[in-house]
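Coordinate analysis (summary)
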Amino acid sequence: QVRLVESGGGLALPGGTLRLSCTVSGNVFKVGRVGWYRQYPGKERESVAIITRTGSKVYADSVKGRATISRDNAKNSVYLQLDRLMAEDTAVYYCNQEIYYYKVSYDYVELWGQGTAVTVFS
C-alpha cells in the first residue's frame, strides 16, 4: 500500500529551472536515504542526487553546480531543483526512498516512484 508519489515533470525551457517533489503515500515509521535518478531511452537508470536523513549530499558530475536536493523528514518528502537546464537533462526522473516500517528494526525496503518525464527544449 505504501508508495512514492512524484510531481513536477513536464516541458521546460533551456536555461530554466526544474523542480521535482516526491512524497510517501501511506504510513511508515521513517525514511532513510533518499535520492533522484534519471533514465534516458534505451539506457539504464543513473543517479542524479542523493541525500541522507541527516543531510549529507552527493551529486552526479553531470549536475554538479546546477542541482540542489533537499528533504523534509516530517513530511517524508524529497525535492530536487535543477537549474540552467540543458537538452541533456531530458529524461524520465525517478524518486527512490529507503522505507523503515518499524521503530525497533533496522530493516528497510527501497521503493521507487512512478517516474515523471522531463523534456527540455533545444
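Below you will find a few notes about this structure. Since the structure is predicted, the reported quantities are computational estimates derived from the model, not experimental observations.

Cut-off values and rules
- Residues numbered from 1 in each chain as written.
- Predicted model: local features only at pLDDT ≥ 70, side-chain atom pairs only at ≥ 80, totals over all residues.
- Heavy atoms only, no water.
- Helix = DSSP H or I, 4+ residues; strand = E, 2+ residues; numbered from the N terminus.
- Rg over C-alpha atoms; globule rule 2.2 N^0.38 Å.
- Buried < 20%, exposed > 50% of the residue type's maximum accessible area, 1.4 Å probe, protein only.
- Contact = heavy atoms within 4.5 Å.
- Areas by Shrake-Rupley, 256 points an atom, 1.4 Å probe, with all protein chains shown as cover.
- Lys, Arg positive; Asp, Glu negative; His and termini not counted.
- Charge placed at Lys NZ, Arg CZ, Asp CG, Glu CD.
- Salt bridge = Lys/Arg side-chain N within 4 Å of Asp/Glu carboxyl O.
- Pairing = 2+ DSSP bridges.
- Axes fitted to C-alpha atoms, helices over the stretch in contact; angles between N-to-C directions.

Topic: the overall build of the protein chain
Looking only at helices and strands, the protein chain has 0 helices and 11 strands in total. A compact globule built from 122 residues should have a C-alpha radius of gyration of about 14 Å, and the protein chain, at 14 Å, falls within 12% of that. Buried residues in the protein chain amount to 39% of all 122 residues. Nonlocal contacts in the protein chain, meaning residues at least 24 apart in sequence, comprise 55% of its contacts between residues at least 6 apart. For the protein chain, the exposed surface amounts to about 7000 Å²; the carbon and sulfur share of it is 50%. Of note, the protein chain has its 15 positive side-chain charges centred 6 Å away from the centre of its 11 negative side-chain charges.

Topic: the pattern of salt bridges
On inspection of all chains with the given rule, the structure shows 4 salt bridges. Here R38 makes a salt bridge to E46, at a shortest N to O gap of 3.8 Å. Among the ionic pairs, K64 bridges to D61, the shortest N-O distance being 3.1 Å. Summarising the burial analysis for this pair, K64 and D61 share the class exposed.

Focus: the sheet that holds strand 8 (residues 77-82)
One open sheet accounts for 4 strands, arranged 1-3-8-7; its pairing is antiparallel. Lying at the two open borders of the sheet, with one neighbouring strand each, are strand 1 (3-7) and strand 7 (67-72). Between one strand axis and the next, the sheet turns through 15° on average, direction left out of account. Pairing of strand 7 with strand 8, which is carried by 6 bridges, proceeds in the antiparallel orientation. Each residue of the ladder has a partner; that of R71, found in strand 8, is V78.

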